[in-house]
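Understanding the architecture of this molecule
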Amino acid sequence: MVEILFRLPDGSERRAHVAAGSTLLEASRDARVELEGACGGSMACATCHVRIDDAWFDRLPVPSPEEEDMLDLAPDWQPTSRLGCQIALDESLSGIVVHVPKSSLLDG
Ligand code: FES
């Protein structure tokens with residue numbers, strides 16, 4: 001299992017424990033973090049935008065050019081921004097800390 005800590009805009013935190021191979025978007029659902037994820041993971045919306053904690057960002061594979069293009073559309077983009085649907089989790093990422101921008105939440 002892979003543990004993920006989501007930090008929400010209101011300062012609260014939620015944890016998920018998901019099987020290796022799950023995406024961050026799937027983990028957000030496990031943690032009841034209401035990331036919009038409007039396109040269901042087909043990289044057509046950027047509403048699954050999250051920011052990876054600085055301590056973890058460099059451990060992720062680099063984004064594809066297609067992900068980079070879609071991230072250009074994300075409100076509140078930061079250098080550590082990624083699309084949650086494109087991050088596949090494995091045991092080496094257990095403990096990852098993910099910041100959820102308000103603009104990515106369904107009620108945001
Ligand atoms: S869910 Fe649409 S790009 Fe990730």
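Predicted model only: the values in this text are computed from it and were never measured.

Brief notes about the pattern of salt bridges
- Inspection of every chain in the model, using the stated rule, returns three salt bridges.
- Close ionic contact of Glu3 with Arg15 constitutes a salt bridge, the shortest N to O distance being 2.7 Å. You can see Glu3 sitting in strand E1 (residues 2-7) and its partner Arg15 sitting in strand E2 (residues 13-18), a full 12 residues away along the chain.
- Residue Glu13 pairs with Arg7 through a salt bridge whose shortest N-O separation is 2.7 Å.

Re the environment of Val33
- Following the sequence through the fold, Val33 ends up in the loop between helix H1 (24-30) and strand E3 (49-52).
- For Val33, a relative accessible area of 4% gives the class buried.
- When the C-alpha positions of Val33 and Leu60 are compared, they lie 21 Å apart, and in sequence the two are 27 residues distant.
- Excluding residues that lie within four positions of it along the chain, Val33 makes contacts with Phe6, Leu8, Arg14, Ser28, Val100 and Leu105.

Quick word on the packing of aromatic side chains
- With the rule as written, the count across this model stands at zero aromatic pairs.
- Positioned above the aromatic ring of Trp56 is the side chain of Arg59, whose terminal nitrogen or guanidinium carbon lies 4.0 Å from the ring centre.

Scoring rules and cut-offs
Residues numbered from 1 in each chain as written. Predicted model: local features only at pLDDT ≥ 70, side-chain atom pairs only at ≥ 80, totals over all residues. Heavy atoms only, no water. Salt bridge = Lys/Arg side-chain N within 4 Å of Asp/Glu carboxyl O. Helix = DSSP H or I, 4+ residues; strand = E, 2+ residues; numbered from the N terminus. Buried < 20%, exposed > 50% of the residue type's maximum accessible area, 1.4 Å probe, protein only. Contact = heavy atoms within 4.5 Å. Phe/Tyr/Trp six-rings, centres within 6.5 Å; stacked < 30°, edge-to-face > 60°. Lys NZ or Arg CZ within 6 Å of the ring centre and 35° of its normal.

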